[in-house]
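# Working through the structure, step by step
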Amino acid sequence: MKLDPPQAIIAATAAPEMNPRTRILLQAPIVSTLLKMAWPNLLVMLAQASTGLIETWWVSHLGTDALTGMAVVFPGFMMMQMLSAGAMGGGISSAIARALGARRHQDAEALVMHAAALNVALGLFGSALFLIWGRPLYQAMGVQGGALEAAMQYSNVVFGGCVLVWLMNALASIIRGTGNMLVPSLSICIGVVLLIPLSPLLIFGWGPIPALGIAGGGWAVVLTTAIVAAVLAGYILSGRCIVRFKWARLRWDLSADILRVGAIAAVVSLQTSLTVLLTTALVGATAGGEAVAGFGTGVRLEYLMVPLAFGFGGPLVALVGTNIGAGQEARALRVALIGGAMVFALTETVGLAAAIWPAAWLGLFGNDPQMIETGSAYLRIVGPAYGFFGLGLSLYFASQGAGRMIWPLAAGILRLTISVGGGWLALRLTGSLTWLFVALTIALVIYGSLIAGAVASGVWFKPARGKAG
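All of the points below concern the structure found in this document. (Residues numbered from 1 in each chain as written. Predicted model: local features only at pLDDT ≥ 70, side-chain atom pairs only at ≥ 80, totals over all residues. Heavy atoms only, no water.)

### Examining the packing of helix H4 (residues 64-101) against helix H7 (residues 162-177)
Their axes nearest at 8 Å, the elements H4 and H7 cross at an angle of 30°. By the angle between their axes, H4 is roughly parallel relative to H7. The chirality of how H4 crosses H7 is right-handed. Considered class by class, the residues forming the contact of H4 with H7 number 14 nonpolar, seven polar and one charged. (Axes fitted to C-alpha atoms, helices over the stretch in contact; angles between N-to-C directions. Helix = DSSP H or I, 4+ residues; strand = E, 2+ residues; numbered from the N terminus. Parallel < 35°, antiparallel > 145°, perpendicular 65-115°, else oblique. Left-handed = near helix turned anticlockwise from the far one by under 90°. Nonpolar A, V, L, I, M, F, W, Y, C, P; charged D, E, K, R; others polar.)

### Digging into the state of the cysteines
Note on terminology: disulfide describes a covalent bond linking the sulfur atoms of two cysteines. Here the structure, examined in full by the defined rule, presents zero disulfides. Free cysteine: cysteine 241, not disulfide-bonded; nearest cysteine sulfur from cysteine 189 at 18 Å. (Disulfide = S-S within 2.5 Å.)

### Some words on the environment of proline 136
Secondary-structure assignment places proline 136 in helix H5 (residues 105-140). The class of proline 136 is partly exposed, set by a relative accessible area of 42%. As a C-alpha pair, proline 136 and leucine 148 span 12 residues in sequence and 9.8 Å in three-dimensional space. (Buried < 20%, exposed > 50% of the residue type's maximum accessible area, 1.4 Å probe, protein only.)

### Thoughts on the packing of H7 against helix H8 (residues 182-204)
Interhelical geometry of H7 versus H8 gives an angle of 150° and a closest axis separation of 8 Å. What the angle tells us is that H7 and H8 run roughly antiparallel. Residues Ala172, Ile175 and Arg176 of H7 touch H8, and the partners they reach there are Val183, Pro184 and Ile188. Split into classes, the residues belonging to the contact of H7 with H8 amount to five nonpolar, no polar and one charged. (Contact = heavy atoms within 4.5 Å.)

Here it is, written out as structure tokens:
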């Protein structure tokens, strides 16, 4: 018994003092903490989404071929964004948050190098896929002639520099994992501010700068992404971040900690993008290029739900992960359900507004009658289900923090099956895009409801208690 006091001293000194930011995640009121963390993240996600909107608006001035070409490239590029920020980025933030919550600070710092290395490798692989097989993919989606050439010009530039997107999102996710949403938000907002003048400058030219057309829009995205990545890297290297970059031996256990969340999340993100790619192909095969432009422009608003959800999703990853790392399961579940309700309300409001006033959105990008007609039909039918999409996405991010991704994966598979399989069957039986859009609506409702029901039932914690599932 005489050894008890020294043992207590050793235990006390072995556990590093908790950072005040981490303590807030574990102890502060949930709603106010979530809102304080979400607003800068929401700002940056809206800013990042506006990158595509800015590009689309300027490119629309080049004509319908350019708009159609961008419409078929955008799902693939958005997939890279979702994979690097929402999927692998969520795995990175979750691993760092859980390490900090469990007071494993050395592991948290070692994860910095692992995160950057993994995302760069995956970014190079993703770029190669589209650079090699982009043309046959876009042809399969129903574009040809001038629209196909426009697609290739834009695609080769944005996917040539796509590794920078992966690096930027790795660095941003490292910082978010510490609970700091402001620095990544401000950095990415700087990139969007720079994009506003740079995009038209490179598309249309000015003075000694030649007009690069649609490829100029791609170069603007690549250059601003490189600037943001440099700013984020500088912040981590400066030592002001809770975790710092340190050279360390690559460890499989740390890579696996990222990948066991990020890899499954990547499959879920691929499901989302594949759903849009395949339904775009169905629209093109049924109604032609102008309809693809309308559907693609309408789907851009659906894609805008992803950054809206991630505005809360980034904080949910950090909050849920840190609380689970500290053993506070009940608080982690309350955080997830409160965040899901907030995102449902936000995205449902946007969807209902789009359903009531579809031309207000579509008119920003063109006035082709078939484009407006197809896009309006899509928004009127699918828009009211956006709340369920937002609900499912927010709980997908919360599940990343929990390190439990099976239910988001299952819900994503079901959504893909209903959207593509049900949509194909509807087109075959009726020949009407209306019933394709009905299938997309049903798929979104089931997607959000299934994930919400599973999380609320406590599936995150059943394996830890020795139960099935």
